[in-house]
Amino acid sequence: MGVTAVLGACASLPPANIGASVTAPNEALGQADYTFEKPGTYRLRASDVISVSVFREPDLSLEDVRVGVDGIVSLPMLGRHEVGGKTTGEIESELTQRLDTLGLKNPRVSVNISDYASHLVTVEGAVQEAGVYPFQPGARLSSAIAMAKGVTRVAELKQVAVFRTRPDGIYAARFDYGEVSRGTMLDPVLEPGDRVVVGTSTLSQFWQDTLRALPAFGVFASLDN
């Protein structure tokens, strides 16, 4: 095997652990707010794209309208309507009621999500193809790394961080991707805006020193464990 092939080879992952995978977060690693559970319902976010269909009323229907940063969409005859944070079922009920109030006889409204455009994850560090990737609701950390074509030969599997924005700031949780791959550690569901960073063995000390210097990331104080 040539030098180029060796340098491009992915870090090997341990074999899967037979049996049920771990689904509980490890709070000692900052995983308390990360979950295995996929959302049962979906609430629209800014940048998502929806289609609104009013039965037998093409002039009142609209395809591929993007939710604004304020959670508002503009609809024919109805004007501005707030959809952010609501389910498609809730929006259907609200639009049906508004059309009924305007005098439309027996309005039948259908709302569908055309694109979960709000769902973007940044993947960087020791991965084959760092970048920003779209994902479907319910995708996990392992999905993000797979979209980046996997980890590199120099990846430090124990030093995988998922940074997440909360109303009061940015938080981070540490994951051991080897354990995640085996099923012995939580493989968390991603949230829009998550940032996944895979550390490297060659820059291990720099990685550790950098994270330890950031007050919000005290979870990395014992990276050698």
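Structural data are supplied above this passage.
Conventions and cut-offs
Residues numbered from 1 in each chain as written. Predicted model: local features only at pLDDT ≥ 70, side-chain atom pairs only at ≥ 80, totals over all residues. Heavy atoms only, no water. 1 Å grid on protein atoms, 1.4 Å probe; cavity = no way out; pocket = protein on both sides within 12 Å on 5 of 7 lines; lining within 4 Å. Points joined across faces, edges and corners; volume = space filled by probe spheres on them. Helix = DSSP H or I, 4+ residues; strand = E, 2+ residues; numbered from the N terminus. Nonpolar A, V, L, I, M, F, W, Y, C, P; charged D, E, K, R; others polar. Pairing = 2+ DSSP bridges. Axes fitted to C-alpha atoms, helices over the stretch in contact; angles between N-to-C directions. Phe/Tyr/Trp six-rings, centres within 6.5 Å; stacked < 30°, edge-to-face > 60°. Buried < 20%, exposed > 50% of the residue type's maximum accessible area, 1.4 Å probe, protein only. Lys NZ or Arg CZ within 6 Å of the ring centre and 35° of its normal. Contact = heavy atoms within 4.5 Å.

Draft legend 1. Inspection of empty space enclosed by the protein at higher detail. Following the criterion strictly, the structure yields 1 cavity of 30 Å³ or more and no others. Looking at the lining of the largest cavity, the elements with two or more residues in it are strand E1 (49-54) and helix H2 (88-101). Its residues assigned to classes, the lining of the largest cavity shows 8 nonpolar, no polar and no charged.

Draft legend 2. The sheet that holds strand E6 (residues 120-125), seen in detail. Ordered in space as E7-E6-E10-E8-E9, the 5 strands form an open sheet in which the pairing is mixed. Unpaired on one side and paired on the other, strand E7 (131-134) and strand E9 (169-175) mark the two borders of the sheet. Neighbouring strand axes in the sheet, compared pairwise and without regard to direction, differ in orientation by 25° on average. As judged from the 4 bridges shared by E6 and strand E10 (residues 195-200), these two strands associate in the parallel manner. Opposite Glu-124, over in E10, you have Val-197 as the bridge partner.

Draft legend 3. The arrangement of the packing of aromatic side chains in detail. Counted according to the given criterion, the structure contains 2 aromatic pairs. With 5.8 Å between their ring centres and 75° between their planes, Tyr-34 and Phe-175 make a pair best called edge-to-face. Separated by 141 residues along the polypeptide, Tyr-34 in the loop between helix H1 (3-8) and E1 and Phe-175 in strand E9 bring together distant segments of the chain. Phe-175 carries the same exposure label as Tyr-34, and that label is buried. When the centroid spacing of 4.9 Å and the interplanar angle of 90° are considered together, the rings of Tyr-42 and Tyr-116 count as edge-to-face. Linking Tyr-42 in the loop between H1 and E1 with Tyr-116 in the loop between strand E5 (109-115) and E6, this pair joins segments that are 74 residues apart in sequence. Taking relative accessible area as the criterion, Tyr-116 reaches 24% and is therefore assigned partly exposed. Between the NZ or CZ atom of Arg-108 and the centre of the ring of Phe-55, over which it lies, the distance is 4.1 Å.

Draft legend 4. Quick peek at the sheet that holds strand E2 (residues 62-66). Taken together, 3 strands build an open sheet; the order of strands is E2-E1-E5 and the sheet is antiparallel. Edge positions in the sheet fall to E2 and E5, since each of these pairs with one other strand and no more. Between one strand axis and the next, the sheet turns through 25° on average, direction left out of account. Bridge analysis of E1 against E5 gives 6 bridges, and the strand direction is antiparallel. Paired with Ser-51 across the strands is Asn-112, a residue of E5. The strands touched by H2 are E1 and E5; relative to E5, the strand with the most contacts, the crossing angle is about 140°.

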